[in-house]
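A closer look at the structure
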Amino acid sequence: MEILKTTSQMQAACGNFRRQGKRIGLIPTMGALHAGHLSLVRAARGSCDVVAVSIFVNPAQFGPDEDFSKYPRSLEQDCALLQADRVDLVFAPSMEEMYPPGTSTFVAVEGVSERLDGASRPGHFRGVTTVVSKLFHIAMPQQAFFGQKDAAQVAVLSKMVRDLNMDVELVICPIVREADGLALSSRNAYLDRDHRRQALVLNRAMARAQECALAGEHSSARLLQEARAIIAYEPEVRIDYLAAVNPETLDDVADVHEGALIAVAAYVGPTRLIDNLLISKCASV
Ligand code: PAF
């Protein structure tokens, strides 16, 4: 496994693989890797010849009062995990390498970037779309792998790829959960024992939404009310948003049908977590 620190090294390595006719799969990450990231590595290994993982805590997607400085960083441990999973390339650039002084070009996807996390975290998705477009230009992968846990990010990046005619296929992999249902996230490292227990309510709320849809409830208002009631069992969990939306546009839907996205963001103590569910089945009424 090669660990590359500069954009020119990464461009050269990916260029070499492309000239040999190899398919490159890119997994953009911010490190602090867990089993969710490793499921993306396995998916990439299944359909690409070369698996490349980028590790970069992207300052442009953090707001001024967010956790950029304390975001977990564990490059050595991350590289050991990736080596064990037979990753070919790790791209771990410095801040100056990704954003040289004077950088003034940004990518913004209007509309969808202002919904859900974009509404709560102004400028967040502009940071995400900028860094992901840069990574796409540097690695020029055939496929790029993202987790469904960041459902709003998936919607924004899919629109960016369509709008800018980017020649890359986004592969979206299912949410990976702990045995008790907690969605894996690098930010789970912030949770103490009690907060971790409280956080389980988010998955329970999603499960309740699915149950209601299965029982024939199509009204988003009523379905969200049921999910909200589950979250209320944990008074220290503060909802940021809980919404039923179209998964592509992130616009609210009044009626929930198969494929609708139920998404939640909530503060568990000081930690903001997200979770979601794509309604898989609805009973007809
Ligand atoms: O999902 C993430 O970890 C980040 O938003 C991403 C896609 C790596 C961009 O920094």
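Going by the structure above, here's the rest.
All of the points below concern the structure found in this document. Since the structure is predicted, the reported quantities are computational estimates derived from the model, not experimental observations.

Calculation criteria
- Residues numbered from 1 in each chain as written.
- Predicted model: local features only at pLDDT ≥ 70, side-chain atom pairs only at ≥ 80, totals over all residues.
- Heavy atoms only, no water.
- Core = buried A, V, L, I, M, F, W, Y, C linked by side-chain atoms within 4.5 Å.
- Buried < 20%, exposed > 50% of the residue type's maximum accessible area, 1.4 Å probe, protein only.
- Helix = DSSP H or I, 4+ residues; strand = E, 2+ residues; numbered from the N terminus.
- Contact = heavy atoms within 4.5 Å.
- Pairing = 2+ DSSP bridges.
- Axes fitted to C-alpha atoms, helices over the stretch in contact; angles between N-to-C directions.
- Parallel < 35°, antiparallel > 145°, perpendicular 65-115°, else oblique.
- Left-handed = near helix turned anticlockwise from the far one by under 90°.
- Nonpolar A, V, L, I, M, F, W, Y, C, P; charged D, E, K, R; others polar.
- Near = heavy atom within 4 Å.
- Polar contact = N/O pair within 3.5 Å; in protein donor to acceptor, adjacent residues only side chain to side chain.
- Areas by Shrake-Rupley, 256 points an atom, 1.4 Å probe, with all protein chains shown as cover.
- Salt bridge = Lys/Arg side-chain N within 4 Å of Asp/Glu carboxyl O.

Attention shifts here to the nonpolar core. Ranked by internal contacts, the top residues of the largest apolar core, which has 46 residues, are Met-10, Leu-89 and Phe-136. Per-element tally for this core: the top contributor is helix H6 (residues 124–139), with 8 residues. With near-sequence residues (within four places) excluded, Leu-89 lies in contact with Glu-2, Leu-4, Met-10, Ala-13, Cys-14, Phe-17, Val-50, Val-51, Ala-52 and Val-53. By size, the runner-up hydrophobic cluster in this structure holds 28 residues, among which are Met-206, Ala-213, Ala-260 and Ile-279.

Read across the open sheet, the 6 strands follow the order E1-E4-E3-E2-E5-E6; overall the sheet is parallel. Of all the strands in the sheet, just strand E1 (2–4) and strand E6 (169–173) have a single pairing partner and so form its edges. Mean inter-strand twist for the sheet, computed between neighbouring axes without regard to direction, equals 25°. Pairing geometry for strand E2 (residues 24–29) and strand E5 (residues 143–147), over 2 bridges, is parallel. Each bridged residue has a counterpart across the sheet, and for Leu-26 the counterpart in E5 is Ala-144.

Between H6 and helix H7 (residues 151–163), the shortest axis-to-axis distance is 10 Å and the interhelical angle comes to 55°. The orientation of H6 relative to H7 falls into the category oblique. Considering the relative orientation of H6 and H7, their crossing is right-handed. Across the interface between the two elements, Phe-125, Val-128, Thr-129, Val-132, Ser-133 and Phe-136 of H6 pack against Ala-152, Gln-153, Val-156, Leu-157, Met-160 and Val-161 of H7. Looking at the contact of H6 with H7, its residues break down into 9 nonpolar, 3 polar and no charged.

Neighbouring residues of the ligand: Pro-28, Thr-29, Met-30, Asn-58, Gln-61, Val-128, Val-131, Val-132, Phe-146, Asp-150 and Gln-153. With respect to the ligand, the side chain of Gln-61 contributes an N or O atom lying 2.6 Å from an oxygen atom. Between the ligand and Gln-153, the relevant distance is 2.7 Å, taken from an oxygen atom to a side-chain nitrogen or oxygen of the residue. Burial of the ligand by the protein amounts to 88% of the accessible area it has alone, namely 290 Å². Among the secondary structure elements, those contributing two or more residues to the shell around the ligand are E2 and H6.

All told, the structure shown has 16 salt bridges when counted by the stated rule. With a shortest N-O distance of 3.9 Å, Asp-251 and Arg-115 are connected by a salt bridge. Remark: Arg-115 occurs in the loop between helix H4 (95–98) and helix H5 (117–120) and Asp-251 occurs in the loop between strand E7 (237–245) and strand E8 (261–268); sequence separation between them is 136 residues. With relative accessibility at 22%, the residue Arg-115 sits in the partly exposed group. In this structure, Asp-163 engages Lys-159 in a salt bridge whose closest nitrogen and oxygen atoms are separated by 2.8 Å. Taken together, the residues span about one helical turn, with Asp-163 and Lys-159 both in helix H7 at a distance of 4 residues.

Attention shifts here to the packing of helix H1 (residues 7–19) against H6. Contact geometry of H1 with H6 gives a least axis separation of 8 Å together with a crossing angle of 50°. By the angle between their directions, the pair H1 and H6 is classed as oblique. Within the contact between the two elements, H1 uses Thr-7, Met-10, Gln-11, Cys-14 and Arg-18 and H6 uses His-137, Ile-138 and Ala-139. Per-class residue counts for the contact of H1 with H6 are 4 nonpolar, 3 polar and 1 charged.

Let's shift gears to the sheet that holds E7. Strand order in this open sheet of 3 strands is E7-E8-E9, and the pairing throughout is antiparallel. Either end of the sheet is taken by a strand with one partner, and the two such strands are E7 and strand E9 (271–278). Along the sheet, successive strands turn relative to each other by an average axial angle of 15°, direction set aside. In this structure, E7 lies alongside E8, joined through 8 bridges in antiparallel fashion. Bridge pairing in E8 places Val-237 opposite Val-268.

Let's shift gears to the side chain of Asn-203. Of note, Asn-203 is situated in helix H8 (residues 193–214). A distance of 3.3 Å separates the side chain of Asn-203 from the backbone oxygen of Gly-181, its partner in a polar contact. Residues in contact with Asn-203, not counting those within four places in the same chain, are Arg-177, Asp-180, Gly-181 and Asp-275.

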